[in-house]
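Survey of secondary and tertiary structure
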Amino acid sequence: MMPCYQLPRSQMRRFGLALMLPVALLAAFVFPTQVQTATAQTSGANRALTIRADVQEYDAKNQVVTARGNVQMLYPARQIQATSAQAQYFSKERRIDFSGNVYILQQGGNSIRAEKVTYLIDEGRFVALPQSNRQVESIYMVQESNNNGQTATPAPKTPVFKPSN
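Keep in mind that this is a model prediction, so the values were computed, not measured.

What counts and what doesn't
- Throughout, a residue's number is its position along its own chain's written sequence, starting from 1.
- Totals for whole chains, interfaces and linings use all residues, but because this is a predicted model, local features are given only for residues with pLDDT of at least 70 and pairs of side-chain atoms are given and counted only at 80 or more.
- Water and hydrogen atoms were dropped before computing side-chain values, which therefore reflect all heavy atoms in the structure.
- Numbering goes from the N terminus for both helices and strands, where a helix is a DSSP run of H or I of at least four residues and a strand is a run of E of at least two.
- Working rule for contacts: check all heavy atoms of both residues, and any pair within 4.5 Å makes them a contact.
- Take the buried residues of types Ala, Val, Leu, Ile, Met, Phe, Trp, Tyr and Cys, join any two whose side-chain atoms come within 4.5 Å, and each joined set is a nonpolar core.
- Burial classification: accessible surface area is computed with a 1.4 Å probe over protein chains only, and a residue below 20% of its type maximum counts as buried, one above 50% as exposed, and the rest as partly exposed.
- Here the term cavity refers to a set of points on a 1 Å grid, laid over the protein atoms alone, in which a 1.4 Å probe fits but cannot get out; the term pocket refers to an open set having protein on both sides within 12 Å along at least five of seven lines, with lining residues being those that place an atom within 4 Å of a point.
- Grid points are joined across faces, edges and corners, and a volume is the space filled by probe spheres set on the points.
- Think of it as three bins: nonpolar holds Ala, Val, Leu, Ile, Met, Phe, Trp, Tyr, Cys and Pro, charged holds Asp, Glu, Lys and Arg, and polar takes everything else, Gly as well.
- When the centres of two rings from Phe, Tyr and Trp lie within 6.5 Å, Trp using its six-membered ring, the rings pair. Their planes under 30 degrees apart give stacked, over 60 give edge-to-face, and anything left gives tilted.
- Whether a charge lies above a ring is judged from NZ of Lys or CZ of Arg, which has to be within 6 Å of the ring centre and within 35 degrees of the ring normal.

Remarks on the side chain of Ser111
Inspection of the secondary structure puts Ser111 in strand S7 (residues 111-120). Excluding anything up to four places from it in sequence, Ser111 contacts Tyr103, Ile104, Leu105, Glu137, Ser138 and Ile139.

Following this line, the structure appears as structure tokens:
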């Protein structure tokens, strides 16, 4: 094999391309090129709400950000993470509408799964709607109360159901 400095330029270019192709393919999978990020500020607390998606559009007249494809939202001030197919941030109304396989997770483990979810920022409230003939699923982590180091009182026993004749 000849040393690199003795190879003709065309062979060096081919060699370089042969090395770059696998690196470029790997980078395409690891770092998607069309991911965009929009950051909105909340009034008062001045903390960022970050939305990442394949495509984002901004309607300046109505002050609405529309994000489509692999939507991810992070809102550290409220300890919320969300994923969906689409999201719209209505900055005037201070609400976010998620649609398409919505999953919202709050720190502490509370979560919601639905087809559509509206998050009312100022109220800190979620309104979830299911897909047709389906249900919304919510999981809430319930803390047991602890009175001065004593264990929580167990739940009362469920009465036995006796069918009527």
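Some thoughts on the nonpolar core
Core analysis: the largest hydrophobic core is formed by 21 residues, its most contacted members being Met73, Ile96 and Phe98. Within the residue set of this core, elements represented by two or more residues are strand S2 (48-53), strand S4 (64-75), strand S5 (80-90), strand S6 (95-106) and S7. With residues near it in sequence (within four places) discarded, Phe98 still touches Met73, Ala82, Ser84, Gln86, Ala87, Ile104, Glu115, Lys116, Val117 and Tyr119.

Some points on the layout of surface pockets
What the largest pocket holds in volume is close to 160 Å³. Taken together, Asn101, Val102, Arg113, Ala114, Glu115, Pro130, Gln131, Arg134, Gln135 and Glu137 make up the lining of the largest pocket. Secondary-structure elements contributing two or more residues to the lining of the largest pocket are S6 and S7. Considering each element in turn, the lining of the largest pocket owes the most residues, three residues, to S7. When its residues are assigned to classes, the lining of the largest pocket shows three nonpolar, three polar and four charged.

Thoughts on the packing of aromatic side chains
Within this structure, the stated rule accounts for one aromatic pair. Between the aromatic rings of Tyr119 and Phe126, the centroid separation amounts to 4.6 Å while the plane-to-plane angle is 25 degrees, which identifies the pairing as stacked. The class for Tyr119 is buried, based on a relative accessible area of 2%. The cationic tip of Arg95 hangs over the ring face of Phe90; the distance from NZ or CZ to the ring centre is 3.9 Å.

Without other data, these values stay purely geometric and don't point to any function.
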